[in-house]
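Summary of structural features
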Amino acid sequence: MTNPDTIRWPAPAKLNLFLYITGQREDGYHELQTLFQFIDLCDYLTITPNLSGKITLTPSIAGLALEDNLIYKAAMMLKTHTAANNGAHITLEKNLPMGGGLGGGSSDAATTLVALNYQWNINLTKSELAEIGVSLGADVPVFIFGKAAIAEGIGEKLSPVYPAERSYLIATPNCHISTAAVFRAKDLIRNTKKRTHLQLINQNWLNDCQPYVKKNYPKVAKVIEWLIEYAPTQLTGTGACVFSTFNSIHEAEIVLHNTPDWLAAFTATGLNNSPLNELFATLK
């Protein structure tokens, strides 16, 4: 039985507060230790379930075929887990920059799985949803579980942690960085020593992708060099987005007010519990 209600679901962004590459497997995938924390900037998916058997999605994204959209892929994968002729219309409010290292596509896919699992009354567990989601992206499971976490392996082994919920200024350089290209780079750091969670939490945080990205993407280097004068600043994921960490949103807003014309940026607050979790808790 499909829940007929139309619901507006958040799909939050994430930051990698640190990212260490500890090795490379024979299959080419890299072993990581990284810390995911959510922020309070979200895409939103308004979903109306129906019995058409079809997934429709608006608006279309220029240059991206429907079949390649992670929202559509997630919905179609979930459909294979139910014999019912479920369908849905999904409207996307896109607020997160694409390809910036904030996880927007993966978060959209995760929200699609969580939302349709509820609205189609499929009732898979979060672990079962994560098994579906990981094939869409290694960071999809962290959005499904919705808790700040240290991720290990290729990103699929999650351990919930509770880092300080700090204030951030997040800059979005006008360039696209291919994650695949970063991980193919010969001079990428790949031999950082694995550390215990206690060691990871209690040290200065770095991103092993940052030296390569700074060297090869001058726009990113320029942003980091400007922001680091105000606060600790680093790359998130493989970029191109960069974040500076502040003790209060007021401090972040002061720097945002002073940003030069060439720098696009916004402020956000770190969250250890995802807005998707917050909404879902009200629906049970």
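See above for the structure.
Structural notes, computed from the coordinates. Because the structure is predicted, anything quoted here is derived from the model rather than measured.

Let's shift gears to the environment of Leu188. As for its position among the elements, Leu188 is in the loop between helix 5 (179-184) and helix 6 (197-201). For the pair Leu188 and Ala148, spaced 40 residues apart in sequence, the C-alpha to C-alpha distance is 26 Å. Apart from residues no more than four positions distant in its own chain, Leu188 is found in contact with Ile21, His30, Val182, Phe183, Asp208, Cys209 and Tyr212.

With that settled, consider the packing of aromatic side chains. By convention here, two paired aromatic rings are described through the distance between centres and the angle between planes. One pass over the structure, following the stated rule, counts eight aromatic pairs. When the ring of Phe38 is compared with that of Phe143, the centres are 5.9 Å apart and the planes differ by 55°; the resulting orientation is tilted. Placement of Phe38 in strand 2 (residues 30-50) and of Phe143 in helix 4 (residues 140-145) is noted, with a sequence separation of 105 residues between them. Note on Tyr118 and Phe280: the rings are 5.6 Å apart at their centroids and 80° apart in plane angle, and the pair reads as edge-to-face. Placement of the pair is Tyr118 in helix 2 (residues 104-119) and Phe280 in helix 10 (residues 275-283), with a sequence separation of 162 residues. On the accessibility criterion, Phe280 (18% relative accessible area) is buried. What links up through ring pairs into an aromatic cluster is the set Trp9, Tyr118 and Phe280. Taking the ring centre of Tyr20 as reference, the NZ or CZ of Arg195 above it sits at 4.3 Å. When the ring centre of Trp262 is taken as origin, the NZ or CZ atom of Lys222, which lies over that ring, is 4.2 Å away.

It is worth spelling out the packing of helix 2 against helix 10 at this point. Between helix 2 and helix 10, the shortest axis-to-axis distance is 12 Å and the interhelical angle comes to 5°. It follows from the interaxial angle that helix 2 and helix 10 lie roughly parallel. On helix 10, the residues touching Thr111, Val114 and Tyr118 of helix 2 are Leu276, Phe280 and Leu283. For the contact of helix 2 with helix 10, a count of residues per class yields five nonpolar, one polar and no charged.

A separate point is the pairing of strand 7 (residues 167-171). Of all five residues in strand 7, five are buried; the element is thus mostly enclosed. In strand 7, alternate side chains face the same way, and those of Ser167, Leu169 and Ala171 on one face and Tyr168 and Ile170 on the other are all buried. As judged from the five bridges shared by strand 7 and strand 9 (residues 242-246), these two strands associate in the antiparallel manner. When the bridges of strand 9 are listed, Ala171 appears paired with Val242. One ladder, built from five bridges, connects strand 7 with strand 10 (residues 265-271); its direction is antiparallel.

Here we take up the pattern of salt bridges. Across all of its chains, the model carries five salt bridges by this definition. One salt bridge in this structure joins Lys94 and Asp43, with 2.7 Å as the shortest N-O distance. Of this pair, Lys94 sits in the loop between strand 4 (87-93) and helix 2 while Asp43 sits in strand 2; the two residues are 51 residues apart in sequence, bridging distant segments of the chain. Judged by relative accessible area, Asp43 falls into the buried class, the value being 0%. One continuous salt-bridge network, built from bridges that share partners, spans Asp43, Lys94 and Asp108.

Among the secondary structure elements, Asn277 is positioned in helix 10. A polar contact is formed between the side chain of Asn277 and the side chain of Lys126, at a distance of 2.9 Å. Residues in contact with Asn277, not counting those within four places in the same chain, are Lys126, Ile144, Phe145, Gly146 and Lys147.

Turning our attention to the side chain of Asp108. In this structure, Asp108 sits in helix 2. Its relative accessible area of 4% is what places Asp108 among the buried residues. In this structure the side chain of Asp108 is engaged in a polar contact, spanning 3.3 Å, whose partner is the side chain of Lys94. With sequence-adjacent residues up to four places away left out, Asp108 is seen in contact with Ala11, Asp43, Leu45, Ile71, Leu92 and Lys94.

Looking now at helix 2. For helix 2, spanning 16 residues, the distance from its first C-alpha to its last is 22 Å, which sits close to the expected 22 Å at 1.5 Å a residue. Counting buried positions along helix 2 gives 14 out of 16 residues, so the element sits mostly inside the fold. Of the residues flanking the end of helix 2, it is Asn121, one or two places downstream, whose phi is positive at about 55°.

Each value, and the rule that gives it
Residues numbered from 1 in each chain as written. Predicted model: local features only at pLDDT ≥ 70, side-chain atom pairs only at ≥ 80, totals over all residues. Heavy atoms only, no water. Helix = DSSP H or I, 4+ residues; strand = E, 2+ residues; numbered from the N terminus. Contact = heavy atoms within 4.5 Å. Phe/Tyr/Trp six-rings, centres within 6.5 Å; stacked < 30°, edge-to-face > 60°. Buried < 20%, exposed > 50% of the residue type's maximum accessible area, 1.4 Å probe, protein only. Lys NZ or Arg CZ within 6 Å of the ring centre and 35° of its normal. Axes fitted to C-alpha atoms, helices over the stretch in contact; angles between N-to-C directions. Parallel < 35°, antiparallel > 145°, perpendicular 65-115°, else oblique. Nonpolar A, V, L, I, M, F, W, Y, C, P; charged D, E, K, R; others polar. Pairing = 2+ DSSP bridges. Salt bridge = Lys/Arg side-chain N within 4 Å of Asp/Glu carboxyl O. Polar contact = N/O pair within 3.5 Å; in protein donor to acceptor, adjacent residues only side chain to side chain. Expected span 1.5 Å × (residues − 1).

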